Amino acid sequence: MSQHKNTNSSKSEADDIIKLLKADHAKVKDLFDEFEELKDKSNSTSKKEKIVKQICEELTLHALAEESIVYPTARETIDDDDLMDEADVEHAGAKELISQLQSMSAEDSHYDAKVTVLREYIEHHVKEEEKNMFPKLTKSEIDRSEMAKEVIHFKEDHKDSGNKASSKKT
């Protein structure tokens, strides 16, 4: 496991893993807000499906990056197994709902309810990360800039492979 030492004090989004992850959180929150605005409107099926598809893609990529890069270092650095175990379980619950939503249509029974529950899961998870995990990471000696770069590259690599995989299916 690579050690991430804090050698860069730059606070720009791309140079700080905390700001990068918070930007992801804000982006998904905005998408959930867009979905909420469409929820009760007629003839919004395709728009809702498009937004939910984007929510699922953003969350999946974010979770994979956290699980591959952020969480292993956080587990080593902040020494709070309960917090990290809870984050793992929250990711698993969200992934299950994401999987269900990806195989559904907006016209299916419980579609809106599943999006609402996913939002609630994510809001709880974000609150836990931002209030408990991120401050501990900030106080640690990780190189937040290097970790941000790793996450950006990871997401670029996996986004490309995800798009190729979905285009092969069609």
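Residues numbered from 1 in each chain as written. Predicted model: local features only at pLDDT ≥ 70, side-chain atom pairs only at ≥ 80, totals over all residues. Heavy atoms only, no water.

A. Molecular detail of the layout of surface pockets. Of the pockets and cavities examined, the second largest pocket occupies roughly 160 Å³. What lines the second largest pocket is simply H25, A26, V28, K29, F32, R119, I122, E123, V126 and E130. Listed by contribution, the elements that provide at least two residues to the lining of the second largest pocket are α1 (17-38) and α4 (111-139). Among the residues forming the lining of the second largest pocket, the class breakdown is 5 nonpolar, 1 polar and 4 charged. (1 Å grid on protein atoms, 1.4 Å probe; cavity = no way out; pocket = protein on both sides within 12 Å on 5 of 7 lines; lining within 4 Å. Points joined across faces, edges and corners; volume = space filled by probe spheres on them. Helix = DSSP H or I, 4+ residues; strand = E, 2+ residues; numbered from the N terminus. Nonpolar A, V, L, I, M, F, W, Y, C, P; charged D, E, K, R; others polar.)

B. Local environment of helix α3 (residues 81-102). Between its terminal C-alpha atoms α3 stretches 31 Å, which fits the 32 Å expected from 22 residues at 1.5 Å a residue. Looking at α3, one finds that the buried residues are L83, M84, A87, E90, H91, A94, L97, I98 and L101. Down the axis of α3, the sector holding all buried residues measures 145°, keeping them to one side. Facing away from the buried side of α3 by more than 90 degrees, the exposed set consists of D82 and V89. Of the surrounding secondary structure, the elements contacted by the buried residues of α3 are α2 (45-78) and α4. (Expected span 1.5 Å × (residues − 1). Buried < 20%, exposed > 50% of the residue type's maximum accessible area, 1.4 Å probe, protein only. Arc of directions from axis to C-beta. Contact = heavy atoms within 4.5 Å.)

C. Geometry of α4. Between the first and last C-alpha of α4 there are 41 Å, a value that for 29 residues agrees with the 42 Å anticipated at 1.5 Å per step. Where α4 bends most, the angle comes to about 35°, and this point is E129. On the buried face of α4, the contacting elements are α1, α2 and α3. (Bend = angle between axes of the 7 residues up to and from the residue.)

D. Inspection of the side chain of E66 at higher detail. Relative to the helices and strands, E66 resides in helix α2. We note that E66 is buried and unpaired, the nearest opposite charge coming from K155 at a distance of 9.0 Å. When sequence neighbours within four positions are dropped, the list of residues in contact with E66 reads L21, H25, Y71, P72, H91, H125 and E129. (Lys, Arg positive; Asp, Glu negative; His and termini not counted. Salt bridge = Lys/Arg side-chain N within 4 Å of Asp/Glu carboxyl O.)

E. Looking closely at the confidence of the model for the protein chain. Across the protein chain, the average pLDDT comes to 87, with 85% of residues at 70 or higher. Looking across the protein chain, the model is least confident in helix α5 (residues 144-169), with a mean pLDDT of 75, and most confident in α1, with 96. Of the regions scoring below 50 in pLDDT, residues 163-170 engages in 0 contacts with residues more than four places distant in sequence or in other chains. (pLDDT = per-residue confidence, 0-100.)

F. Inspection of the packing of aromatic side chains at higher detail. Per the counting criterion, the structure on display carries 1 aromatic pair. Summarising the aromatic geometry, the rings of F35 and Y111 are spaced 6.5 Å apart at their centres and angled 55° between planes, so their arrangement reads as tilted. You can see F35 sitting in helix α1 and its partner Y111 sitting in helix α4, a full 76 residues away along the chain. The burial state of F35 is the same as that of Y111; both residues are buried. (Phe/Tyr/Trp six-rings, centres within 6.5 Å; stacked < 30°, edge-to-face > 60°.)

G. View of the pattern of salt bridges. Per the counting criterion, the structure on display carries 14 salt bridges. Across the pair D24 and K155 runs a salt bridge, and its minimum N-O distance is 2.6 Å. Highlighted residues: D24 in helix α1 and K155 in helix α5, separated in sequence by 131 residues. The two residues D24 and K155 agree in class, both being buried. A salt bridge links K95 to E67; the shortest N-O distance between them is 2.8 Å. Linking K95 in helix α3 with E67 in helix α2, this pair joins segments that are 28 residues apart in sequence. What makes K95 partly exposed here is its relative accessible area of 36%. Each of K29, D33, R119 and E123 takes part in a single network of salt bridges with overlapping partners.

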